[in-house]
Amino acid sequence: MQEPKSVTPPQQQEPPLSLYHLLDPEVLANPYPLYHRLRREDPVHWDPFLHAWVVTRYADVITVFQRFSAQRTPTPEQLEAMGMQALAPLARVMVRQMLFLDPPAHTRVRSLAAKAFTPRRVAVLREHIREITNSLLDRVQAQGEMDVIADLAYPLPAIVTAEMLGVPTADWQQLTAWSADFAQVLGNFQHNPDRAAQVIRSLNEMTAYFRAAIREMEHHPREGLIQAFLTAEIDGDRLSEEEIIANTIITMVGGQETTTNLIGNGVLSLLRHPDQLALLRADLSLIPSAVEELLRYESPSQHTARLAPEDTELGGKQIRKRDAVIAVMGAANRDPERFPDPDRLDIRRQDNRHVAFAWGSHFCFGAALARIEGQTAIELIVRRLPGLQLKPGPLVWRENLGLRGLKSLPISWER
């Protein structure tokens with residue numbers, strides 16, 4: 001007798017294909033099955049829920065970074081026309097930030113900003129980053145437990161970023177709070193009116209803070225990004241005060257959010273793969289390679305948006321001029337056509353040109369600093385804390401769909 005064909009009950013059928021499923025906490029905790037499904041079924045996917053194209057293959061993501069426009073943030077006038085004038089102060093800042101500029105405006109601002117992130121300046125900071133990390137671990141080592149996020153991954157990049165900017169390191173907690181609010185705008189698909197008032201309040205406070213820092217540095221110069229912005233000049237061209245403030249804010253937010261998530265996600269990934277943790281503990285020369293693999297495996301920045309500069313074709317799909325395109329770096333970094341066995345964590349992986357720091361002209365200019373902080377934090381955790389274990393309890397991911405990170409990461413070790 002022939003067996004009846006199995007029929008999937010309607011309630012068990014797969015949900016509609018969409019990146020909006022990241023709003024589900026279970027999907028946010030592990031987005032990679034969704035990414036694999038998108039890449040397998042429709043790698044250049046029109047998402048009707050987000051009114052955007054979603055691109056998940058490595059090669060296509062590279063193309064988006066190289067050819068599509070970053071100038072996607074609405075102007076204050078456009079927001080006012082949509083009845084969203086309350087967000088106009090945010091737009092006035094974002095339209096000046098290098099993250100949302102195309103050449104030649106992007107080239108101009110980035111060239112001036114890069115003067116503060118010279119290899120020499122970053123190299124000088126390496127030993128100081130080690131001192132800060134050791135001092136943070138000194139506070140908790142005898143306890144035999146800590147929250148990686150609260151005790152290390154938040155304060156380390158915040159303190160380092162304050163030093164890079166040239167503002168008091170004692171202000172790191174305030175800088176972190178402002179960054180978290182601004183990151184809500186950068187990392188989520190939709191405007192959230194419930195958070196808008198807090199974001200605008202933080203923006204106003206940041207603007208006043210950095211304007212005061214500029215006034216202070218005009219009279220008492222000190223090394224840092226703000227001073228570099230004030231004095232940088234290329235062929236007589238200098239940044240306006242509003243451009244300095246806007247790009248100080250985006251540098252501060254990027255410097256903190258990316259590195260906090262790199263450290264937290266990296267430690268979690270090692271704890272979930274004890275064989276890789278043991279391999280790293282046995283050979284600390286693998287630290288640089290391990291950090292690149294951790295960046296690929298659990299990318300701190302998961303996706304970013306671009307606009308089609310003209311009618312174009314991508315992956316066999318016709319994309320119209322000014323259509324929004326979401327490049328999913330978290331999916332590109334798990335593309336089996338680019339990375340063999342992409343869901344396996346392999347800290348010895350050699351060919352690892354991931355896109356965690358984006359690509360091309362918008363490649364993160366703070367990447368060298370983030371790498372040093374990540375390498376230092378993970379090396380000293382592995383070196384100083386034997387018998388590392390994840391403490392029992394559920395893991396809660398931050399409600400930021402684009403900037404992937406944990407709210408807390410409780411761990412313990414042998415005292």
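Here's what I pulled together on the structure shown here. As the structure is a prediction and not an experimental result, all values here were calculated from the model. (Residues numbered from 1 in each chain as written. Predicted model: local features only at pLDDT ≥ 70, side-chain atom pairs only at ≥ 80, totals over all residues. Heavy atoms only, no water.)

Looking at the environment of Lys321
Part 1 of the argument: Position of Lys321 relative to the elements: it lies in the loop between strand S6 (317-319) and strand S7 (324-328).
Part 2 of the argument: Distance from Lys321 to Ser285, taken between C-alpha atoms, is 48 Å for residues 36 residues apart in sequence. (Helix = DSSP H or I, 4+ residues; strand = E, 2+ residues; numbered from the N terminus.)

A word on the pattern of salt bridges
Part 1 of the argument: Throughout the structure, instances matching the rule amount to 24 salt bridges.
Part 2 of the argument: Residue Glu41 is joined to Arg40 by a salt bridge in which the shortest nitrogen-to-oxygen separation is 3.9 Å.
Part 3 of the argument: Ionic pairing is found between Arg349 and Glu293, a salt bridge with its closest N-O pair at 3.1 Å. One end of the pair, Arg349, is in the loop between helix H16 (329-332) and helix H17 (367-384); the other, Glu293, is in helix H15 (residues 287-297), with 56 residues separating them in the sequence.
Part 4 of the argument: By relative accessible area, which is 0% here, Glu293 ends up buried. (Salt bridge = Lys/Arg side-chain N within 4 Å of Asp/Glu carboxyl O. Buried < 20%, exposed > 50% of the residue type's maximum accessible area, 1.4 Å probe, protein only.)

Structural notes on the pairing of strand S1 (residues 44-47)
Part 1 of the argument: Sheet topology places S1 next to strand S2 (residues 52-55); 4 bridges connect them, and they run antiparallel. Pairing of His45 across the sheet is with Val54, part of S2.
Part 2 of the argument: In this antiparallel pair of consecutive strands, S1 and S2, the connection spans 4 residues, and His51 shows a positive phi of 55°. (Pairing = 2+ DSSP bridges.)

Some remarks on the environment of Pro288
Part 1 of the argument: Topologically, Pro288 is positioned in helix H15.
Part 2 of the argument: Here Pro288 falls in the partly exposed class, since its relative accessible area comes to 41%.
Part 3 of the argument: Along the primary structure Pro288 and Asp102 are separated by 186 residues, whereas in three dimensions their C-alpha atoms are 32 Å apart.

Quick look at the packing of helix H13 (residues 241-272) against H17
Part 1 of the argument: Across the interface, H13 lies against H17 with an axial gap of 9 Å and an inter-helix angle of 35°. Handedness of the H13/H17 crossing: right-handed. Contacts from Thr259, Leu262, Ile263, Gly266, Val267 and Leu270 in H13 reach Ala370, Glu373, Gly374, Ala377, Ile378 and Ile381 in H17.
Part 2 of the argument: For the contact of H13 with H17, a count of residues per class yields 8 nonpolar, 3 polar and 1 charged. (Axes fitted to C-alpha atoms, helices over the stretch in contact; angles between N-to-C directions. Left-handed = near helix turned anticlockwise from the far one by under 90°. Contact = heavy atoms within 4.5 Å. Nonpolar A, V, L, I, M, F, W, Y, C, P; charged D, E, K, R; others polar.)

What about helix H2 (residues 32-41)?
What sets the pattern is the α-helix's 3.6 residues per turn: residues three or four places apart point alike.
Part 1 of the argument: Of all 10 residues that make up H2, 7 are buried, and the element is covered over most of its length.
Part 2 of the argument: Considered for burial, the residues of H2 that qualify are Tyr32, Leu34, Tyr35, His36, Arg37, Leu38 and Arg39.
Part 3 of the argument: Buried residues belonging to H2 abut helix H1 (25-29), S1, S2, H15, S7 and H16.

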